[in-house]
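The lines below spell out each chain.
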Amino acid sequence: MFHWKSIVNVLGMLIAISGFAILLSLPFSYYYDAPMDANTHPIHHNTPTAILYSGLLSLLFGAGIWLISNRFIGKQEVKKRDGYVIVTLGWLVMSFIGAIPYVASGAIPSFTDAFFETMSGFTTTGASILADQIEALPKGLHFWRAMTHWIGGMGIIVLTIAILPLLGIGGMQLYAAEVPGPTPDKLTPRVKETAKRLWLVYFGLTILETILLMLGEMNFFDAICHAMATLSTGGFSTKQASLGAFGAYSQYIVIIFMFLAGINFSLTYFALRGKPLKLWKNEEFRVYLFAVLIITLIASLIIYFRNGEPGEKSFRDAAFQVVAIMTTTGFGTADYTSWGPFLLITFFVLMFTGACAGSTSGGVKMVRSIVVIKNAYLELKRQIHPKAILPVRFNGKGVQQDIVSKMVVFFIIFLGIYIVGCFIMATMIDDFDTILGSVAATLGNIGPGLGEVGPSNSQNFAAIPDFGKWFLSFLMLLGRLELFTVLMLFSPFFWYEK
(Lines give C-alpha, C1' and ligand atoms only; values in the text may rest on other atoms or scores of the structure.)
Protein backbone atom coordinates (compact mmCIF):
# COMPACT_ATOMS: atom_id res chain seq x y z
CA MET A 1 0.00 0.00 0.00
CA PHE A 2 1.36 3.40 -0.96
CA HIS A 3 1.29 6.31 1.49
CA TRP A 4 0.10 8.93 -0.98
CA LYS A 5 -0.33 11.63 1.65
CA SER A 6 3.36 11.34 2.56
CA ILE A 7 4.31 11.29 -1.11
CA VAL A 8 2.32 14.48 -1.81
CA ASN A 9 3.75 16.03 1.36
CA VAL A 10 7.37 15.52 0.25
CA LEU A 11 6.62 16.62 -3.32
CA GLY A 12 5.14 19.84 -1.96
CA MET A 13 8.33 20.35 0.02
CA LEU A 14 10.44 19.83 -3.11
CA ILE A 15 8.35 22.35 -5.08
CA ALA A 16 8.92 24.88 -2.28
CA ILE A 17 12.67 24.15 -2.33
CA SER A 18 12.64 24.72 -6.11
CA GLY A 19 10.98 28.10 -5.63
CA PHE A 20 13.48 29.11 -2.96
CA ALA A 21 16.40 27.99 -5.15
CA ILE A 22 15.06 30.03 -8.09
CA LEU A 23 14.89 33.11 -5.86
CA LEU A 24 18.60 32.71 -5.03
CA SER A 25 19.26 33.79 -8.63
CA LEU A 26 17.43 37.09 -8.08
CA PRO A 27 20.36 39.15 -6.67
CA PHE A 28 22.52 38.21 -9.67
CA SER A 29 19.70 39.03 -12.04
CA TYR A 30 19.04 42.46 -10.48
CA TYR A 31 22.75 43.29 -10.49
CA TYR A 32 23.59 42.13 -14.01
CA ASP A 33 20.31 42.05 -15.95
CA ALA A 34 18.10 44.85 -14.58
CA PRO A 35 20.12 47.91 -15.75
CA MET A 36 18.70 49.00 -19.08
CA ASP A 37 20.75 50.76 -21.73
CA ALA A 38 20.92 50.91 -25.51
CA ASN A 39 22.89 47.66 -25.69
CA THR A 40 20.69 45.65 -23.34
CA HIS A 41 18.35 43.09 -24.88
CA PRO A 42 14.74 43.25 -23.58
CA ILE A 43 15.02 39.63 -22.41
CA HIS A 44 17.67 40.68 -19.88
CA HIS A 45 15.41 43.44 -18.59
CA ASN A 46 12.51 40.97 -18.19
CA THR A 47 14.57 38.32 -16.44
CA PRO A 48 14.44 39.68 -12.83
CA THR A 49 10.65 39.84 -12.94
CA ALA A 50 10.40 36.36 -14.46
CA ILE A 51 12.68 34.91 -11.78
CA LEU A 52 10.84 36.72 -8.98
CA TYR A 53 7.37 35.54 -10.00
CA SER A 54 8.52 32.01 -10.90
CA GLY A 55 10.27 31.60 -7.56
CA LEU A 56 7.54 33.11 -5.42
CA LEU A 57 4.71 31.16 -7.06
CA SER A 58 6.62 27.88 -6.75
CA LEU A 59 7.56 28.59 -3.15
CA LEU A 60 4.02 29.50 -2.11
CA PHE A 61 2.39 26.68 -4.08
CA GLY A 62 4.77 24.06 -2.71
CA ALA A 63 4.53 25.37 0.84
CA GLY A 64 0.73 25.31 0.59
CA ILE A 65 0.73 21.68 -0.55
CA TRP A 66 3.16 20.76 2.22
CA LEU A 67 1.21 22.54 4.97
CA ILE A 68 -2.17 21.14 3.91
CA SER A 69 -0.90 17.58 3.49
CA ASN A 70 1.20 17.76 6.66
CA ARG A 71 -1.90 18.62 8.67
CA PHE A 72 -3.62 15.36 7.71
CA ILE A 73 -0.71 12.91 7.46
CA GLY A 74 -0.05 11.90 11.03
CA LYS A 75 2.92 9.57 11.44
CA GLN A 76 2.99 7.60 8.22
CA GLU A 77 6.23 5.76 7.55
CA VAL A 78 7.83 6.21 4.13
CA LYS A 79 8.32 2.68 2.80
CA LYS A 80 10.73 1.50 0.14
CA ARG A 81 8.16 1.63 -2.66
CA ASP A 82 7.15 5.15 -1.58
CA GLY A 83 10.80 6.13 -1.85
CA TYR A 84 11.00 5.11 -5.51
CA VAL A 85 7.87 7.11 -6.35
CA ILE A 86 8.99 10.18 -4.39
CA VAL A 87 12.47 10.29 -5.89
CA THR A 88 11.36 9.80 -9.51
CA LEU A 89 8.42 12.20 -9.30
CA GLY A 90 10.51 14.65 -7.29
CA TRP A 91 13.12 14.97 -10.02
CA LEU A 92 10.42 15.32 -12.69
CA VAL A 93 8.45 17.93 -10.74
CA MET A 94 11.54 20.01 -9.97
CA SER A 95 12.59 19.88 -13.62
CA PHE A 96 9.16 21.14 -14.71
CA ILE A 97 9.29 23.93 -12.12
CA GLY A 98 12.87 24.76 -13.03
CA ALA A 99 11.97 25.29 -16.68
CA ILE A 100 9.52 28.11 -15.89
CA PRO A 101 12.06 30.98 -15.52
CA TYR A 102 13.53 30.24 -18.95
CA VAL A 103 10.11 30.33 -20.62
CA ALA A 104 8.74 33.24 -18.58
CA SER A 105 11.72 35.45 -19.41
CA GLY A 106 11.61 34.55 -23.11
CA ALA A 107 15.23 33.39 -23.07
CA ILE A 108 14.12 29.87 -24.08
CA PRO A 109 10.59 30.26 -25.51
CA SER A 110 10.05 26.53 -26.16
CA PHE A 111 9.00 24.62 -23.04
CA THR A 112 10.50 21.45 -24.55
CA ASP A 113 13.89 23.15 -24.83
CA ALA A 114 13.57 24.69 -21.36
CA PHE A 115 12.68 21.34 -19.80
CA PHE A 116 15.60 19.65 -21.60
CA GLU A 117 17.99 22.33 -20.31
CA THR A 118 16.63 22.01 -16.76
CA MET A 119 16.65 18.21 -16.71
CA SER A 120 20.19 18.35 -18.06
CA GLY A 121 21.05 20.63 -15.14
CA PHE A 122 19.44 18.64 -12.33
CA THR A 123 20.86 15.36 -13.64
CA THR A 124 24.30 17.02 -14.03
CA THR A 125 24.40 15.98 -17.68
CA GLY A 126 25.47 19.32 -19.10
CA ALA A 127 23.85 18.77 -22.51
CA SER A 128 22.54 22.05 -23.89
CA ILE A 129 20.21 23.42 -26.55
CA LEU A 130 21.79 26.87 -26.45
CA ALA A 131 23.40 26.90 -29.88
CA ASP A 132 25.86 29.82 -29.96
CA GLN A 133 23.69 31.56 -27.35
CA ILE A 134 25.37 30.67 -24.07
CA GLU A 135 27.03 34.04 -23.49
CA ALA A 136 23.84 35.85 -24.54
CA LEU A 137 21.86 34.15 -21.75
CA PRO A 138 20.97 36.59 -18.93
CA LYS A 139 23.24 36.26 -15.90
CA GLY A 140 20.31 35.49 -13.58
CA LEU A 141 19.43 32.48 -15.72
CA HIS A 142 23.11 31.52 -15.94
CA PHE A 143 23.19 31.32 -12.15
CA TRP A 144 19.93 29.36 -12.05
CA ARG A 145 21.38 27.02 -14.66
CA ALA A 146 24.44 26.50 -12.45
CA MET A 147 22.26 26.09 -9.37
CA THR A 148 20.25 23.27 -10.97
CA HIS A 149 23.24 21.01 -11.42
CA TRP A 150 24.78 22.01 -8.09
CA ILE A 151 21.57 20.91 -6.33
CA GLY A 152 21.28 17.82 -8.52
CA GLY A 153 24.92 16.85 -8.01
CA MET A 154 24.59 15.74 -4.41
CA GLY A 155 20.92 15.02 -4.85
CA ILE A 156 17.60 16.76 -4.33
CA ILE A 157 16.37 14.24 -1.78
CA VAL A 158 19.69 14.19 0.07
CA LEU A 159 19.42 17.98 0.32
CA THR A 160 15.92 17.64 1.73
CA ILE A 161 17.06 15.12 4.33
CA ALA A 162 20.05 17.28 5.25
CA ILE A 163 18.27 20.60 5.69
CA LEU A 164 14.70 19.73 6.64
CA PRO A 165 14.47 17.08 9.39
CA LEU A 166 10.89 16.34 8.41
CA LEU A 167 11.29 12.91 6.83
CA GLY A 168 12.53 11.26 10.04
CA ILE A 169 11.31 7.71 9.60
CA GLY A 170 11.87 6.38 6.12
CA GLY A 171 14.68 8.77 5.20
CA MET A 172 16.92 5.81 4.38
CA GLN A 173 14.47 4.65 1.73
CA LEU A 174 14.77 7.96 -0.12
CA TYR A 175 18.54 8.09 0.40
CA ALA A 176 19.00 4.59 -1.00
CA ALA A 177 16.72 5.30 -3.97
CA GLU A 178 18.69 8.37 -5.04
CA VAL A 179 22.38 8.18 -4.03
CA PRO A 180 24.55 6.90 -6.90
CA GLY A 181 26.33 3.59 -6.50
CA PRO A 182 25.55 -0.07 -5.81
CA THR A 183 25.27 0.50 -2.04
CA PRO A 184 24.84 3.92 -0.39
CA ASP A 185 27.55 4.73 2.18
CA LYS A 186 26.46 5.92 5.60
CA LEU A 187 28.99 7.98 7.56
CA THR A 188 26.85 7.82 10.68
CA PRO A 189 24.00 5.54 11.84
CA ARG A 190 21.54 8.37 11.16
CA VAL A 191 20.85 9.14 7.51
CA LYS A 192 20.12 12.80 8.28
CA GLU A 193 23.58 13.26 9.80
CA THR A 194 25.21 11.46 6.85
CA ALA A 195 23.42 13.76 4.40
CA LYS A 196 24.47 16.86 6.34
CA ARG A 197 28.13 15.83 6.39
CA LEU A 198 28.16 15.01 2.69
CA TRP A 199 26.63 18.37 1.88
CA LEU A 200 29.14 20.10 4.19
CA VAL A 201 32.04 18.56 2.21
CA TYR A 202 30.31 19.42 -1.06
CA PHE A 203 29.68 23.02 -0.01
CA GLY A 204 33.20 23.48 1.38
CA LEU A 205 34.90 22.24 -1.78
CA THR A 206 32.69 24.51 -3.89
CA ILE A 207 33.70 27.56 -1.85
CA LEU A 208 37.38 26.57 -2.00
CA GLU A 209 37.33 26.17 -5.78
CA THR A 210 35.51 29.49 -6.19
CA ILE A 211 38.26 31.27 -4.25
CA LEU A 212 41.05 29.56 -6.18
CA LEU A 213 39.44 30.39 -9.54
CA MET A 214 39.07 34.03 -8.49
CA LEU A 215 42.81 34.13 -7.79
CA GLY A 216 43.24 33.54 -11.52
CA GLU A 217 41.48 35.32 -14.35
CA MET A 218 37.84 34.61 -13.44
CA ASN A 219 35.56 37.17 -11.83
CA PHE A 220 33.30 36.12 -8.95
CA PHE A 221 30.35 35.24 -11.19
CA ASP A 222 32.34 33.03 -13.56
CA ALA A 223 34.21 31.45 -10.63
CA ILE A 224 31.15 30.44 -8.63
CA CYS A 225 29.28 29.15 -11.69
CA HIS A 226 32.24 27.03 -12.78
CA ALA A 227 32.85 25.80 -9.23
CA MET A 228 29.24 24.62 -8.95
CA ALA A 229 29.55 23.01 -12.38
CA THR A 230 32.78 21.23 -11.42
CA LEU A 231 31.84 19.76 -8.03
CA SER A 232 28.48 18.60 -9.39
CA THR A 233 30.21 17.20 -12.51
CA GLY A 234 27.54 19.12 -14.42
CA GLY A 235 29.72 20.91 -16.95
CA PHE A 236 27.61 23.99 -17.71
CA SER A 237 29.93 26.90 -18.50
CA THR A 238 29.27 30.62 -18.77
CA LYS A 239 31.33 30.71 -21.96
CA GLN A 240 30.62 29.31 -25.41
CA ALA A 241 34.17 27.92 -25.54
CA SER A 242 33.76 26.34 -22.09
CA LEU A 243 37.09 26.25 -20.18
CA GLY A 244 38.87 26.87 -23.47
CA ALA A 245 38.00 30.53 -22.89
CA PHE A 246 40.33 30.62 -19.87
CA GLY A 247 44.03 30.08 -19.35
CA ALA A 248 46.17 27.23 -18.02
CA TYR A 249 45.80 28.15 -14.32
CA SER A 250 41.99 27.94 -14.38
CA GLN A 251 42.09 24.72 -16.37
CA TYR A 252 44.46 23.04 -13.92
CA ILE A 253 42.30 24.10 -10.96
CA VAL A 254 39.23 22.64 -12.67
CA ILE A 255 41.11 19.40 -13.48
CA ILE A 256 41.96 18.95 -9.79
CA PHE A 257 38.43 19.59 -8.59
CA MET A 258 36.83 17.46 -11.33
CA PHE A 259 39.06 14.63 -10.14
CA LEU A 260 38.01 15.25 -6.52
CA ALA A 261 34.35 15.29 -7.55
CA GLY A 262 34.83 11.82 -9.05
CA ILE A 263 35.93 10.36 -5.69
CA ASN A 264 33.45 8.80 -3.28
CA PHE A 265 32.47 11.74 -1.05
CA SER A 266 32.50 9.48 1.99
CA LEU A 267 36.20 8.80 1.37
CA THR A 268 36.84 12.51 0.87
CA TYR A 269 35.13 13.17 4.20
CA PHE A 270 37.37 10.69 6.00
CA ALA A 271 40.47 12.08 4.26
CA LEU A 272 39.57 15.59 5.43
CA ARG A 273 39.10 14.20 8.94
CA GLY A 274 42.73 13.07 9.01
CA LYS A 275 42.33 9.56 7.59
CA PRO A 276 43.83 9.82 4.08
CA LEU A 277 44.89 6.17 4.10
CA LYS A 278 41.24 5.23 3.67
CA LEU A 279 41.56 6.63 0.15
CA TRP A 280 44.59 4.55 -0.80
CA LYS A 281 43.17 1.39 0.78
CA ASN A 282 40.08 1.70 -1.41
CA GLU A 283 40.46 -0.43 -4.53
CA GLU A 284 38.01 1.63 -6.57
CA PHE A 285 39.96 4.83 -5.89
CA ARG A 286 43.25 3.20 -6.90
CA VAL A 287 41.78 1.96 -10.20
CA TYR A 288 40.27 5.40 -10.81
CA LEU A 289 43.58 7.15 -10.11
CA PHE A 290 45.72 4.85 -12.24
CA ALA A 291 43.18 4.88 -15.09
CA VAL A 292 43.32 8.68 -15.20
CA LEU A 293 47.13 8.75 -15.07
CA ILE A 294 47.71 6.04 -17.68
CA ILE A 295 45.10 7.25 -20.18
CA THR A 296 46.29 10.83 -19.76
CA LEU A 297 49.88 9.79 -20.48
CA ILE A 298 48.89 7.84 -23.61
CA ALA A 299 46.64 10.66 -24.85
CA SER A 300 49.37 13.26 -24.21
CA LEU A 301 51.88 11.34 -26.31
CA ILE A 302 49.41 10.83 -29.16
CA ILE A 303 48.43 14.52 -29.21
CA TYR A 304 52.08 15.58 -29.04
CA PHE A 305 53.28 13.39 -31.90
CA ARG A 306 50.11 13.45 -34.03
CA ASN A 307 49.11 17.10 -33.78
CA GLY A 308 52.48 18.64 -32.99
CA GLU A 309 51.15 20.51 -29.95
CA PRO A 310 53.66 21.78 -27.32
CA GLY A 311 54.35 19.27 -24.54
CA GLU A 312 52.64 21.16 -21.71
CA LYS A 313 49.53 21.92 -23.77
CA SER A 314 49.34 18.30 -24.98
CA PHE A 315 49.42 17.11 -21.36
CA ARG A 316 46.93 19.75 -20.18
CA ASP A 317 44.41 19.09 -22.94
CA ALA A 318 44.73 15.32 -22.47
CA ALA A 319 44.39 15.49 -18.69
CA PHE A 320 41.45 17.87 -18.91
CA GLN A 321 39.45 15.81 -21.39
CA VAL A 322 40.25 12.46 -19.75
CA VAL A 323 39.09 13.68 -16.33
CA ALA A 324 36.13 15.61 -17.81
CA ILE A 325 34.80 12.56 -19.67
CA MET A 326 35.61 9.96 -16.99
CA THR A 327 33.90 12.03 -14.28
CA THR A 328 31.10 12.85 -16.76
CA THR A 329 31.62 16.57 -16.14
CA GLY A 330 31.69 17.36 -19.84
CA PHE A 331 33.72 20.57 -19.77
CA GLY A 332 35.91 21.09 -22.81
CA THR A 333 39.15 22.76 -23.79
CA ALA A 334 39.68 20.96 -27.09
CA ASP A 335 37.80 18.85 -29.64
CA TYR A 336 38.77 15.27 -28.73
CA THR A 337 37.02 13.96 -31.85
CA SER A 338 39.90 15.42 -33.90
CA TRP A 339 42.58 13.45 -32.05
CA GLY A 340 42.36 10.34 -34.19
CA PRO A 341 40.34 7.10 -34.08
CA PHE A 342 42.25 5.49 -31.21
CA LEU A 343 41.54 8.33 -28.77
CA LEU A 344 38.01 8.75 -30.12
CA ILE A 345 37.24 5.12 -29.25
CA THR A 346 38.98 5.55 -25.90
CA PHE A 347 36.84 8.55 -24.98
CA PHE A 348 33.71 6.77 -26.19
CA VAL A 349 34.46 3.91 -23.77
CA LEU A 350 35.16 6.40 -20.96
CA MET A 351 31.65 7.78 -21.46
CA PHE A 352 30.31 4.56 -19.98
CA THR A 353 32.77 3.91 -17.14
CA GLY A 354 32.13 6.87 -14.88
CA ALA A 355 34.20 7.54 -11.77
CA CYS A 356 33.69 6.24 -8.22
CA ALA A 357 30.40 5.21 -6.64
CA GLY A 358 29.23 7.78 -4.10
CA SER A 359 30.58 10.63 -6.22
CA THR A 360 28.58 13.11 -8.28
CA SER A 361 29.66 11.49 -11.56
CA GLY A 362 27.37 9.51 -13.83
CA GLY A 363 28.06 6.41 -15.91
CA VAL A 364 28.27 2.82 -14.78
CA LYS A 365 30.79 3.57 -11.95
CA MET A 366 34.21 2.02 -11.44
CA VAL A 367 33.18 -0.42 -8.73
CA ARG A 368 30.71 -2.15 -11.04
CA SER A 369 33.27 -2.42 -13.81
CA ILE A 370 35.85 -3.87 -11.41
CA VAL A 371 33.49 -6.45 -9.91
CA VAL A 372 32.01 -7.51 -13.27
CA ILE A 373 35.47 -7.93 -14.85
CA LYS A 374 36.68 -9.94 -11.84
CA ASN A 375 33.57 -12.10 -11.96
CA ALA A 376 34.07 -12.76 -15.68
CA TYR A 377 37.67 -13.81 -15.05
CA LEU A 378 36.65 -16.13 -12.21
CA GLU A 379 33.92 -17.59 -14.37
CA LEU A 380 36.63 -18.84 -16.75
CA LYS A 381 38.37 -20.51 -13.81
CA ARG A 382 35.07 -22.04 -12.65
CA GLN A 383 34.72 -23.69 -16.04
CA ILE A 384 37.93 -25.62 -15.35
CA HIS A 385 37.32 -26.09 -11.60
CA PRO A 386 33.51 -26.34 -11.30
CA LYS A 387 33.61 -27.39 -7.63
CA ALA A 388 35.97 -24.66 -6.49
CA ILE A 389 34.64 -21.83 -4.35
CA LEU A 390 35.96 -18.68 -6.01
CA PRO A 391 34.36 -15.55 -4.52
CA VAL A 392 34.80 -12.16 -6.11
CA ARG A 393 36.93 -10.05 -3.79
CA PHE A 394 36.81 -6.28 -3.53
CA ASN A 395 38.87 -4.27 -1.05
CA GLY A 396 40.18 -7.61 0.23
CA LYS A 397 36.71 -8.88 1.15
CA GLY A 398 34.40 -11.31 -0.56
CA VAL A 399 31.46 -9.73 -2.39
CA GLN A 400 28.12 -11.39 -1.78
CA GLN A 401 26.83 -13.21 -4.84
CA ASP A 402 23.56 -11.32 -4.88
CA ILE A 403 25.47 -8.02 -5.13
CA VAL A 404 27.58 -9.43 -7.96
CA SER A 405 24.40 -10.54 -9.72
CA LYS A 406 22.87 -7.08 -9.35
CA MET A 407 25.95 -5.48 -10.88
CA VAL A 408 25.91 -7.88 -13.82
CA VAL A 409 22.19 -7.22 -14.32
CA PHE A 410 22.85 -3.46 -14.17
CA PHE A 411 25.44 -3.84 -16.95
CA ILE A 412 23.04 -5.85 -19.10
CA ILE A 413 20.13 -3.44 -18.60
CA PHE A 414 22.37 -0.41 -19.17
CA LEU A 415 23.64 -1.89 -22.43
CA GLY A 416 20.12 -2.91 -23.44
CA ILE A 417 18.74 0.58 -22.84
CA TYR A 418 21.63 2.06 -24.79
CA ILE A 419 20.94 -0.19 -27.79
CA VAL A 420 17.18 0.47 -27.70
CA GLY A 421 17.87 4.18 -27.28
CA CYS A 422 20.07 4.17 -30.38
CA PHE A 423 17.30 2.48 -32.39
CA ILE A 424 14.76 5.07 -31.21
CA MET A 425 17.05 8.00 -32.02
CA ALA A 426 17.77 6.44 -35.42
CA THR A 427 14.14 7.11 -36.38
CA MET A 428 14.78 10.85 -35.95
CA ILE A 429 18.46 11.38 -36.82
CA ASP A 430 20.37 10.38 -39.96
CA ASP A 431 23.94 10.79 -38.69
CA PHE A 432 25.36 7.58 -37.17
CA ASP A 433 27.88 9.29 -34.88
CA THR A 434 25.20 11.64 -33.55
CA ILE A 435 22.91 8.71 -32.75
CA LEU A 436 25.62 6.89 -30.78
CA GLY A 437 26.86 10.07 -29.13
CA SER A 438 23.50 11.54 -28.09
CA VAL A 439 22.37 8.38 -26.31
CA ALA A 440 25.75 7.79 -24.64
CA ALA A 441 26.00 11.43 -23.56
CA THR A 442 22.55 11.53 -21.94
CA LEU A 443 22.32 8.02 -20.47
CA GLY A 444 25.81 8.45 -19.01
CA ASN A 445 25.06 12.06 -17.87
CA ILE A 446 28.12 13.33 -19.74
CA GLY A 447 26.94 16.22 -21.92
CA PRO A 448 29.06 16.31 -25.08
CA GLY A 449 28.94 13.25 -27.31
CA LEU A 450 29.89 12.60 -30.91
CA GLY A 451 28.84 13.97 -34.28
CA GLU A 452 26.46 16.93 -34.16
CA VAL A 453 26.38 16.77 -30.34
CA GLY A 454 30.18 16.68 -30.09
CA PRO A 455 32.46 18.93 -28.02
CA SER A 456 33.10 21.65 -30.60
CA ASN A 457 31.64 25.05 -29.74
CA SER A 458 28.77 25.13 -32.24
CA GLN A 459 27.59 21.57 -31.74
CA ASN A 460 24.88 20.73 -29.21
CA PHE A 461 21.38 19.32 -28.90
CA ALA A 462 19.43 22.24 -30.43
CA ALA A 463 18.85 20.43 -33.73
CA ILE A 464 17.41 17.30 -32.09
CA PRO A 465 13.63 16.99 -32.80
CA ASP A 466 11.28 17.74 -29.88
CA PHE A 467 10.35 14.10 -29.31
CA GLY A 468 14.04 13.25 -29.28
CA LYS A 469 14.65 15.88 -26.59
CA TRP A 470 11.91 14.42 -24.39
CA PHE A 471 13.30 10.93 -24.90
CA LEU A 472 16.86 12.04 -24.14
CA SER A 473 15.56 13.84 -21.04
CA PHE A 474 14.11 10.52 -19.91
CA LEU A 475 17.50 8.88 -20.49
CA MET A 476 19.16 11.58 -18.37
CA LEU A 477 16.79 10.76 -15.50
CA LEU A 478 17.39 7.04 -15.94
CA GLY A 479 21.14 7.54 -15.85
CA ARG A 480 21.16 9.89 -12.86
CA LEU A 481 18.95 7.60 -10.74
CA GLU A 482 20.88 4.53 -11.95
CA LEU A 483 18.11 2.77 -13.87
CA PHE A 484 16.38 0.72 -11.19
CA THR A 485 14.69 3.58 -9.32
CA VAL A 486 12.89 4.70 -12.49
CA LEU A 487 12.42 1.34 -14.22
CA MET A 488 10.83 -0.04 -11.06
CA LEU A 489 7.83 2.19 -11.70
CA PHE A 490 7.24 0.53 -15.09
CA SER A 491 7.08 -2.99 -13.66
CA PRO A 492 3.58 -4.42 -12.97
CA PHE A 493 4.64 -6.15 -9.72
CA PHE A 494 5.71 -2.79 -8.26
CA TRP A 495 2.11 -1.60 -8.27
CA TYR A 496 0.66 -4.93 -7.17
CA GLU A 497 -0.87 -4.59 -3.71
CA LYS A 498 -0.49 -7.58 -1.40
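Below or above, wherever it landed, is the structure these notes cover. What you see is a predicted model, and the numbers here were worked out from it, not measured in a lab. (Residues numbered from 1 in each chain as written. Predicted model: local features only at pLDDT ≥ 70, side-chain atom pairs only at ≥ 80, totals over all residues. Heavy atoms only, no water.)

1. Quick look at the overall build of the chain
Next up, step 1: When helices and strands are counted, the chain shows 22 helices and 2 strands.
Next up, step 2: Within the chain, the fraction of its 498 residues that count as buried is 57%.
Next up, step 3: Of the contacts made within the chain by residues no fewer than 6 positions apart, 71% connect residues no fewer than 24 positions apart.
Next up, step 4: In the structure as shown, the chain presents an accessible area of about 20900 Å², 68% of it carried by carbon and sulfur atoms. (Helix = DSSP H or I, 4+ residues; strand = E, 2+ residues; numbered from the N terminus. Buried < 20%, exposed > 50% of the residue type's maximum accessible area, 1.4 Å probe, protein only. Contact = heavy atoms within 4.5 Å. Areas by Shrake-Rupley, 256 points an atom, 1.4 Å probe, with all protein chains shown as cover.)

2. Examining the nonpolar core
Next up, step 1: One finds Tyr288 and Phe461 to be the most contacted residues of the largest nonpolar core, which totals 126 residues.
Next up, step 2: Apart from residues lying up to four places away in sequence, tyrosine 288 is in contact with Met258, Phe259, Gly262, Ile263, Met326, Thr327, Ala355, Cys356 and Met366.
Next up, step 3: Grouped together as the second largest cluster of nonpolar side chains are 11 residues, Ile370, Val371, Val372 and Leu378 included. (Core = buried A, V, L, I, M, F, W, Y, C linked by side-chain atoms within 4.5 Å.)

3. Quick word on helix H5 (residues 111-122)
Next up, step 1: When the terminal C-alpha atoms of H5 are compared, their 16 Å separation across 12 residues agrees well with the 16 Å that a helix rising 1.5 Å per residue should span.
Next up, step 2: Of all the 12 residues making up H5, 11 are buried; the element is thus mostly covered by neighbouring parts of the structure.
Next up, step 3: Of all the positions in H5, only Thr112, Asp113, Ala114, Phe115, Phe116, Glu117, Thr118, Met119, Ser120, Gly121 and Phe122 are classed as buried.
Next up, step 4: One or two residues past the end of H5 sits threonine 124, with phi positive at roughly 55 degrees. (Expected span 1.5 Å × (residues − 1).)

4. Here we look at the pattern of salt bridges
Next up, step 1: Enumeration according to the criterion identifies 8 salt bridges in this entry.
Next up, step 2: A salt bridge links aspartate 317 to lysine 313, with the nearest nitrogen and oxygen atoms 2.6 Å apart. Here the residue aspartate 317 and the residue lysine 313 both occupy positions in helix H15 (residues 311-326), the gap between them amounting to 4 residues, near one helical turn.
Next up, step 3: Assessed through its relative accessible area of 4%, aspartate 317 is described here as buried.
Next up, step 4: Residue lysine 313 is classed as partly exposed on the basis of its relative accessible area of 29%.
Next up, step 5: For glutamate 482, the salt bridge goes to lysine 365, with nearest N and O atoms at 2.8 Å. With glutamate 482 in the loop between helix H20 (466-480) and helix H21 (484-487) and lysine 365 in the loop between helix H16 (341-353) and helix H17 (366-384), this residue pair connects regions lying 117 residues apart in the sequence. (Salt bridge = Lys/Arg side-chain N within 4 Å of Asp/Glu carboxyl O.)

5. What about the packing of helix H4 (residues 80-105) against helix H6 (residues 139-154)?
Next up, step 1: Their axes nearest at 11 Å, the elements H4 and H6 cross at an angle of 170 degrees. In terms of orientation, H4 lies roughly antiparallel with respect to H6. Contacts between H4 and H6 pair Trp91, Gly98, Pro101, Tyr102 and Ser105 from the former with Leu141, Trp144, Arg145 and Gly152 from the latter. (Axes fitted to C-alpha atoms, helices over the stretch in contact; angles between N-to-C directions. Parallel < 35°, antiparallel > 145°, perpendicular 65-115°, else oblique.)

6. Thoughts on a positive patch on the surface
Next up, step 1: On the surface, a cluster of positive charge is made up of Arg273, Lys275, Lys278, Lys281 and Lys397.
Next up, step 2: Residue position: lysine 397 is located in strand E2 (residues 397-398).
Next up, step 3: Residue class for lysine 397 comes out exposed when judged on its relative accessible area of 62%. (Patch = residues over 30% accessible without salt bridge, like charges linked within 9 Å, V, L, I, M, F, W, Y side chains within 5 Å. Lys, Arg positive; Asp, Glu negative; His and termini not counted. Charge placed at Lys NZ, Arg CZ, Asp CG, Glu CD.)

7. Overview of the packing of aromatic side chains
Next up, step 1: With the rule as written, the count across this model stands at 30 aromatic pairs.
Next up, step 2: Measuring from ring centre to ring centre gives 5.9 Å for tryptophan 339 and phenylalanine 347, while their planes differ by 50 degrees; the resulting arrangement is tilted.
Next up, step 3: Accessibility expressed as a relative area gives 5% for tryptophan 339, which makes it buried.
Next up, step 4: In this structure an aromatic cluster arises from ring pairing among Phe28, Tyr31, Tyr32, Phe143, Phe220 and Phe221.
Next up, step 5: In this arrangement the basic side chain of lysine 278 is found over the ring face of phenylalanine 270, its NZ or CZ atom lying 4.9 Å from the centre. (Phe/Tyr/Trp six-rings, centres within 6.5 Å; stacked < 30°, edge-to-face > 60°. Lys NZ or Arg CZ within 6 Å of the ring centre and 35° of its normal.)

8. Some details on the environment of phenylalanine 331
Next up, step 1: Positionally, phenylalanine 331 belongs in the loop between H15 and H16.
Next up, step 2: In this structure phenylalanine 331 comes out as buried when scored by relative accessible area, which is 1%.
Next up, step 3: Separated by 77 residues in sequence, phenylalanine 331 and valine 254 place their C-alpha atoms 9.2 Å apart.

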